[in-house]
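# Overview (structure and organization)
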Amino acid sequence: MASSGMKLGREDYKKKKELEEFRKLGAAPAEVDDDGYSINPHIPQYMAEAPWYLSNGRPGLRHQRLLKDISKIAKINDFIKKGVKK
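Residues numbered from 1 in each chain as written. Predicted model: local features only at pLDDT ≥ 70, side-chain atom pairs only at ≥ 80, totals over all residues. Heavy atoms only, no water.

## Description of the overall build of the protein
Secondary structure assignment for the protein yields two helices and two strands. When the helices and strands of the protein are listed from N to C terminus, the series reads α-β-β-α. For the protein, with 86 residues in total, the buried portion stands at 7%. In the protein, the proportion of contacts linking residues at least 24 apart, taken out of those at least 6 apart, comes to 24%. (Helix = DSSP H or I, 4+ residues; strand = E, 2+ residues; numbered from the N terminus. Buried < 20%, exposed > 50% of the residue type's maximum accessible area, 1.4 Å probe, protein only. Contact = heavy atoms within 4.5 Å.)

In structure tokens form, the structure reads like this:
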């Protein structure tokens, strides 16, 4: 929520931190991302949240996973012409 430009109030911030601590202790269930995977509460926030240009507003680890279609990734021996229109 803070990444979307909204600032949290004092009480909301306290509740968020308290929930994080309960998750780390195992008293509250782990957060689940869009794909249904549980997010380990011990992962640092900078790893769990996607950069601003990939973010959907929720924490998740999709931006950390390898693409399913690896044909889009250039191989090391591929020559890529730059500045040439197709």
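## Examining the side chain of aspartate 33
By the element assignment, aspartate 33 lies in the loop between strand E1 (31-32) and strand E2 (38-39). Judged by its relative accessible area of 8%, aspartate 33 is buried. Separated by 2.8 Å, the side chain of aspartate 33 and the backbone nitrogen of tyrosine 37 make a polar contact. (Polar contact = N/O pair within 3.5 Å; in protein donor to acceptor, adjacent residues only side chain to side chain.)

## Quick notes on a nonpolar patch on the surface
A cluster of nonpolar side chains, namely Trp52, Tyr53 and Leu54, defines an oily patch on the protein surface of about 470 Å² accessible area. With respect to the helices and strands, the residue tryptophan 52 is situated in the segment after helix H2 (45-48). (Patch = residues over 30% accessible without salt bridge, like charges linked within 9 Å, V, L, I, M, F, W, Y side chains within 5 Å. Areas by Shrake-Rupley, 256 points an atom, 1.4 Å probe, with all protein chains shown as cover. Salt bridge = Lys/Arg side-chain N within 4 Å of Asp/Glu carboxyl O.)

## Concerning the pattern of salt bridges
Using the criterion set out here, one finds two salt bridges in the structure. Across the pair lysine 17 and glutamate 20 runs a salt bridge whose closest N-O atoms are separated by 3.7 Å. Here glutamate 20 and lysine 17 lie together in helix H1 (residues 10-25), a separation of three residues that amounts to about one turn. Assessed through its relative accessible area of 37%, lysine 17 is described here as partly exposed. Overall, the relative accessible area of 29% leaves glutamate 20 in the partly exposed class. The closest approach of N and O atoms between arginine 23 and glutamate 31, which form a salt bridge, is 3.7 Å. Relative accessible area serves as the criterion here: at 22%, arginine 23 is assigned to the partly exposed category.

## Thoughts on H1
For H1, which comprises 16 residues, the first-to-last C-alpha distance of 23 Å matches the rise-based estimate of 22 Å (1.5 Å per residue) to within 8%. Looking at the residues trailing H1, positive phi occurs at glycine 26, about 90°. (Expected span 1.5 Å × (residues − 1).)

Honestly, it's all geometry; don't read function into it.
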